[in-house]
Amino acid sequence: MIDATSFRGAACLAALVPAMLGGCGEEEPAAYGNFEAAEVVVSAETSGRLLRLHAAEGTRLAAGAVVAEIDAEPLTLERQEVLSQRNAAQTRVAEAEAQTRVLEAQLETALEQHARTRRLFEQSAATARELDQHEGEVRVLRARITAARAHAGATREEIPATDARVEQIEDRIRRSRIVNPITGTVLAAYAEAGEFVQPGQPLYRIADLDTLVLRAYVSGAQLSGLRLGQSVLVRIDAADGELLEMAGRIGVIASEAEFTPTPIQTRDERTEQVYAVEVTVPNTGGLAKIGMPGEVLLQTQDGPRDAAQ
């Protein structure tokens, strides 16, 4: 027969064992999310036939590497044509300036002849017709000099315009070489060599997979346990159902709440609001993949803890 004391002891033990087992279990995550990466879509900046493209899916590219080239032969020919126009304009300016100098010399002689004729006319040694003739020559030469100077000035103004056109064409020639913007891995290729591409047409998509971002969502009650730069643990699924822990650091904490970004199932879930948190995770060995789910655990001096505690 069991007495009351033994019964109470057995009941206390039965209550204590589940609590001890629960304490030995896995730490509950503070938040869940999926991995993302900063992706860049590289596009063509000029039109033409794509001569080559070294951006196959899965290829790792270095920043600054030339990965594609668009046919720039038409641009090269256009540049030569504009340069020829520039040289012709410079020649016309030189000719107009030379003509101006000749006319100025002729004007100087005509002015001297006009002055001499005026003196003779005042002495009644020359006729009025001769004086008018020399005055007409002076007027004609002055008009021709004005026209020559205007022609030289107008032609000279064409040169900066042609220089600007040359710079624009050279810029387009430089843009025909596609330079990879970041070090990363090609996620997708959208074009093939031999295709005709247009400005703005996507060629490939690349992302830096060495560092990923886990975007997770926490409740308002958990915000007090978060701060920018805080070290956290991130767990991902590994082989044989195990969990692999990775170090991470909080880089972004949303300042405004938003509704739960998952398909709504119940009315209660529809009323809950959460805050987005971005955890930067060094992806050593490439274990994490874009879109892979992950769990976030906060760390204290004694180790990881749940933000709800």
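In this report, the structure presented in the accompanying data block is examined. (Residues numbered from 1 in each chain as written. Predicted model: local features only at pLDDT ≥ 70, side-chain atom pairs only at ≥ 80, totals over all residues. Heavy atoms only, no water.)

Phi is positive for S124, close to 60°, though the residue is something other than glycine. Within the fold, S124 resides in the loop between α2 (73-122) and α3 (128-175). (Helix = DSSP H or I, 4+ residues; strand = E, 2+ residues; numbered from the N terminus.)

Our focus in this paragraph is the sheet that holds strand β6 (residues 177-179). Strand order in the open sheet made by the four strands is β6-β5-β3-β8, with antiparallel pairing throughout. Strands with a single pairing partner mark the edges of an open sheet, and in this sheet they are β6 and β8 (196-197). Sheet topology note: the strand β3 (residues 48-53)/β8 ladder contains two bridges and is antiparallel. Of the residues in β8, the one forming a bridge with R49 is F196. (Pairing = 2+ DSSP bridges.)

Moving on to the pairing of strand β5 (residues 66-70). Pairing of β3 with β5 involves three bridges; the strand directions are antiparallel. Across the sheet, L53 pairs through a bridge with A68, a residue of β5. Two elements, β5 and β6, share three bridges in a ladder whose sense is antiparallel. Considered in β6, the bridge of A68 is made with I178.

What follows is about the sheet that holds strand β9 (residues 202-207). Ordered in space as β2-β9-β7-β4, the four strands form an open sheet in which the pairing is antiparallel. Edge positions in the sheet fall to β2 (39-43) and β4 (60-61), since each has one partner strand and no second. With four bridges connecting them, strand β7 (residues 184-189) and β9 associate as antiparallel partners. Of the residues in β9, the one forming a bridge with T185 is A207.

Let us look at empty space enclosed by the protein. With a probe scaled to a water molecule rolled over the atoms, the places where space remains empty come into view. The tally for this structure, following the rule as stated, stands at one cavity of 30 Å³ or more. In this structure, the largest cavity encloses a volume near 60 Å³. As for the largest cavity, its lining consists of A30, A31, A216, V218, L226, V232, I250, V277, V279, V296 and L298. Elements with a minimum of two residues in the lining of the largest cavity: β10 (211-219), β14 (273-282) and β15 (293-300). Here the lining of the largest cavity is built from residues that sort into 11 nonpolar, no polar and no charged. (1 Å grid on protein atoms, 1.4 Å probe; cavity = no way out; pocket = protein on both sides within 12 Å on 5 of 7 lines; lining within 4 Å. Points joined across faces, edges and corners; volume = space filled by probe spheres on them. Nonpolar A, V, L, I, M, F, W, Y, C, P; charged D, E, K, R; others polar.)

So, on to the pattern of salt bridges. Per the stated rule, a full pass over the model turns up 15 salt bridges. Note that E135 and R118 form a salt bridge whose closest N and O atoms lie 3.0 Å from each other. Here the residue E135 occupies a position in helix α3, and R118 occupies one in helix α2, the gap between them amounting to 17 residues. For E135, a relative accessible area of 22% gives the class partly exposed. If you follow the salt bridges from partner to partner, you end up with E45, D171, R174 and R175 in one network. (Salt bridge = Lys/Arg side-chain N within 4 Å of Asp/Glu carboxyl O. Buried < 20%, exposed > 50% of the residue type's maximum accessible area, 1.4 Å probe, protein only.)

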